[in-house]
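# Summary of the model geometry
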Amino acid sequence: MNRFRKTFARKKVIRAGLTSLLVMMAVIYYFSLPENLFDAPTCTVIEDRNGHLLSARIAEDGQWRFPSPDSIPENFKKCLLYFEDQYFYQHVGFNPVSLVRALAQNLSAGEIVSGGSTISMQVIRLSRKNKQRTVWEKIKEILLATRLELACTKDEILKFYATYAPFGGNTVGLETAAWRYYGRNPYELSWAEHATLAVLPNQPGLIFPGKNQVQLKKKRDFLLTKLYRNRVIDSMTLALAVDEPLPGKPFPVPRLSYHLMDKVIKDGKKGQKIKTTIDSNLQNKSFKILNFHHQSLKGNEIHNAALIALSVSTGEVLAYLGNVGDGNDDGHAEQVDIISAPRSTGSILKPFLYASMLEEGLILPKTLLPDIPTFIQGFAPKNFSKTYDGAVHADKALSRSLNIPAVHMLKDYGVEKFHYLLKNYGMSSLTFPSSHYGLSLILGGAEGSLWEICGLYANMARTLNNFFKYPEPQRYNDQDLHMPVYDLQALRESRKTGNQSHSQFSAAAIWLTFQAMLDVYRPAEDASWRYYDSSQKIAWKTGTSFGLRDGWAIGITPAYVVGIWVGNADGEGRPGLTGINTAGPILFDVFDQLPGSKWFPVPKSDLLKIPVCRESGYRNNKFCPVVDTIYSPKKGLLTSTCPYHRLVHLDATKKFRVNSQCEKIQNIVSEPWLILPPVQAYYYRSKSARYKSLPPFRKDCKGLTMSQGSMKIIYPGKKARFFIPRELDGNPGSVVFEVAHERSNTKIFWHLNEKFLAQTVRSHQISLQPDPGMHKLTLVDQYGEVLEHVFEVIDN
């Protein structure tokens, strides 16, 4: 009895031990397969919107190894299985028949000539870095292959093989091999080409394209014959396939989007395959256009240019050329991606200020703005032409890109307010406070990237397009406001539904801004610009930075936004480097490659028709002689009435002003008169033949003079402080003082520190050499009006 109990207890212990051992072996077996089977780095690959390869960057270990494909071509799969593992879908990781056959072949040959490995076993060997072939390693491969079969589907195992199998040299993986040996997607290959790639991993160190071609063709044709015998292909396909030539040396990997590749890697997508929104047809055409213009620009030592094209509806990037060339460094920084680089904006931000002031009812499209010599706290902006119009309508100031009216607009709107608006709208390059930029913010004092600025213009166009699609009252959607998108998958994931009634600009302000941008000034002497006037409507804006360092041109249609930058990456300025002359022609050449589209519809429900004075552009007052009706945002009603048209009382000859003290009331002729401030009038009359100077009072009207304020100092400004540099020969320099008067033929008497200097008529300028210190300039006109001006000369 005791012996029976002892025997039973011993068996129980043995069973428990065996159970524990089996459990332990099961646990070891379960965890024997690494969580990440492969840790080899992969190439960064970008494709166009249709899946065609644009560019690839070699993996960190120097191998051309593309990321795992989503699927494998059926023809390659059949070639591979008939050559390597015909019973792949029947076995559990290893094939006993193949192992026995391989053992017999090896014993017969006296060396290892066949491994009998299944594809699953080959995947395990690849993951173990192709360790030395031994019996023990073979057993490990068999065990791990069975574990792999439990963890993965058959198709997943094939994907591992197609990604990590060697194809000769530093070419790894099916897709890499297809591009390097045939320059095509694996789905576009023939039976012969698939068969060639299927046999390559069998002996990649011995046989690959360009080496041992006879052996390679023999293996390929053997496989093709096997496919024919198994009725996978017909006799005609076999005959054509065996006549196909073998590939030669590997093709270079395409570099159509070298700089976009840099951006993809910078955005944290290194080692991934990104299907982009790029239209390869437009990308190729844009590449040719950019480099064609680059050939002529190089003659002026302008070595860099960039181009981006966006779809308005989605913000998708259709073309991305961060620089000329293909990224090879030729000594002119062609490898630099200008699209993402902050550059001086020049005048490219002016439309946003114009739209903002329309939006808030601070101006109307035709409001007269000052275009006169301007000095504001040491800041003295100049128009590019170095001339002044005196006063100019707001829309014309924008279309002609005049600097001085823009500075006055920003001064009225507020630098801090505009700075906040731009940052809130998406301009992240404004890293300093508004005080750092000051009024120069509107003239290129800030930096912006082509990426963001084109994105902002696309936001405006998208908002205007969708205004007609969204139902009232929520005509605006915050989802319309976003930066450009190049990742097609990210775009799909980011799309959301639902409207939110908010936008930075109303449809009315955007439409009016684009209308003004239709009439951008074109050089009259260039026939090509006149030819373009007959083409599709494009709202466009150019910009030129200080020192002729950056030339910008951005064009907008309801369907597309195209942005061009031209210059030198190192910031060197060049004569003639202006946006309109260098970037503008490229812009129009690109638009010639894009489908035309109808212009934006008028957002009538968001606009009002407002009567305005034709000459001043303000809302009309009762003295405006000619009234026009124009479109305006609804807040345009908040603008003031015309401050310049007043009723003037004249004698019967209309040559002199009078009043009831010197003329009978029945003889007084009253007429409306446009009376601009003196400095504005001084320059405006030379540009507008319609402007009439205000007549003087008749001599018999005693005690009456010209209205006070008819004179104004143009330079120097109020309470100015300046030093006068010496001439090149060392003699003291001089400074030119200038005065404007309502009537140019009026005499003005000049006094400095109570001493008479001279008198001037018509051209009221005088050159002075005042000593360092405080001075008082006194001006007296022939009608007795006095103007005093204090200034300080600094000792240099």
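See above for the structure.
Residues numbered from 1 in each chain as written. Predicted model: local features only at pLDDT ≥ 70, side-chain atom pairs only at ≥ 80, totals over all residues. Heavy atoms only, no water.

## Some words on the pattern of salt bridges
By the definition in use, this model includes 28 salt bridges. Taking the shortest distance from any N to any O, the salt bridge between Glu60 and Lys270 comes out at 2.8 Å. Taken together, the positions of Glu60 in the loop between strand S2 (53-57) and strand S3 (64-65) and Lys270 in the loop between helix H11 (258-266) and strand S5 (273-275) put the pair 210 residues apart, joining distant regions of the chain. You can call Glu60 exposed: its relative accessible area is 63%. Of the residues examined, Lys270 reaches a relative accessible area of 48% and is grouped as partly exposed. (Salt bridge = Lys/Arg side-chain N within 4 Å of Asp/Glu carboxyl O. Helix = DSSP H or I, 4+ residues; strand = E, 2+ residues; numbered from the N terminus. Buried < 20%, exposed > 50% of the residue type's maximum accessible area, 1.4 Å probe, protein only.)

## Topic: the sheet that holds strand S26 (residues 786-793)
Spatially, S20-S26-S25-S22-S23 is the arrangement adopted by the 5 strands of the open sheet, whose pairing is mixed. Strands with a single pairing partner mark the edges of an open sheet, and in this sheet they are strand S20 (721-722) and strand S23 (755-761). With 2 bridges connecting them, S20 and S26 associate as parallel partners. Residue Phe722 lies in a different strand from S26, and its bridge partner there is Val793. (Pairing = 2+ DSSP bridges.)

## Let's talk about the environment of Ala239
If you trace the backbone, Ala239 turns up in helix H10 (residues 235-243). According to the relative accessible area criterion, Ala239 is partly exposed, its value standing at 37%. Separated by 14 residues in the primary sequence, Ala239 and Thr225 place their C-alpha atoms 9.6 Å from one another.

## What to know about the nonpolar core
Core analysis: the biggest nonpolar cluster contains 80 residues, and Phe352, Phe418, Tyr457, Phe514 and Ile556 have the highest contact counts within it. Among residues more than four places away in sequence, those in contact with Ile556 are Tyr457, Ala461, Phe514, Met517, Ile538, Ala539, Val561, Phe591, Trp599 and Phe600. (Core = buried A, V, L, I, M, F, W, Y, C linked by side-chain atoms within 4.5 Å. Contact = heavy atoms within 4.5 Å.)

## Overview of the sheet that holds S2
One key point about sheets: their strands pair by backbone hydrogen bonds, in either a parallel or an antiparallel sense. One open sheet accounts for 3 strands, arranged S2-S1-S5; its pairing is mixed. Each having just a single partner strand, S2 and S5 make up the two edges of the open sheet. Neighbour-to-neighbour, the strand axes of the sheet open up by a mean angle of 15°, direction not taken into account. Bridge count for strand S1 (residues 44-47) against S5 is 3 bridges, and the pairing is parallel. The residue of S5 that forms the bridge with Ile46 is Ile274. (Axes fitted to C-alpha atoms, helices over the stretch in contact; angles between N-to-C directions.)

## Considering the side chain of Glu193
Within the element layout of this structure, Glu193 appears in helix H8 (residues 191-199). A polar side-chain atom of Glu193 sits 2.7 Å from the main-chain amide nitrogen of Ser190. Among all residues touching Glu193, those that are not within four sequence positions of it are Tyr182, Arg184, Glu188 and Glu244. (Polar contact = N/O pair within 3.5 Å; in protein donor to acceptor, adjacent residues only side chain to side chain.)

## Examining the state of the cysteines
All told, the structure shown has 1 disulfide when counted by the stated rule. At a sulfur-sulfur separation of 1.7 Å, the disulfide partner of Cys662 is Cys701. Here Cys662 and Cys701 share a disulfide; its torsion about the S-S bond, 75°, makes the bridge right-handed. Taken as a pair, Cys662 in the loop between strand S17 (645-650) and strand S18 (669-674) and Cys701 in the loop between helix H23 (678-687) and strand S19 (711-715) lie far apart in primary sequence, 39 residues in all. The same class applies to Cys662 as to Cys701, namely buried. (Disulfide = S-S within 2.5 Å.)

## Brief notes about unusual backbone geometry
Of note, the amide linkage connecting Tyr715 to Pro716 takes the cis form, showing an omega dihedral of 0°. Note that Pro716 resides in the loop between S19 and S20. Positive phi, normally seen in glycine, also occurs at Arg231, with a value near 60°. Note on placement: Arg231 falls in the loop between helix H9 (213-229) and H10. What makes Arg231 exposed here is its relative accessible area of 77%. Here Glu754, not a glycine, exhibits a phi torsion of approximately 75°, which is positive. Mapped onto the fold, Glu754 is located in the loop between strand S22 (747-752) and S23. Residue class for Glu754 comes out exposed when judged on its relative accessible area of 58%.

## Observations regarding the packing of aromatic side chains
Per the stated rule, a full pass over the model turns up 24 aromatic pairs. Plain terms: the ring middles of Tyr425 and Phe505 are 5.3 Å apart, the flat faces sit at 80° to each other, and that makes the pair edge-to-face. Of this pair, Tyr425 sits in helix H16 (residues 415-425) while Phe505 is found in the loop between helix H19 (488-494) and helix H20 (507-517), placing the two residues 80 residues apart along the sequence. For Tyr425, a relative accessible area of 5% corresponds to the buried category. A relative accessible area of 2% means that Phe505 is categorised as buried. Seen from their ring centres, Phe722 and Phe791 are 5.8 Å apart, and the 15° between their planes marks the pair as stacked. Residue Phe722 is found in strand S20, and its partner Phe791 is found in strand S26; the two are separated by 69 residues along the sequence. You can call Phe722 buried: its relative accessible area is 10%. Phe791 sits in the buried class, given a relative accessible area of 1%. One aromatic cluster is present, formed by Phe375, Tyr715, Phe722, Phe737 and Phe791 through successive ring pairs. The ring of Trp451 carries the charged tip of Lys263 above its face, separated from the ring centre by 4.3 Å. (Phe/Tyr/Trp six-rings, centres within 6.5 Å; stacked < 30°, edge-to-face > 60°. Lys NZ or Arg CZ within 6 Å of the ring centre and 35° of its normal.)

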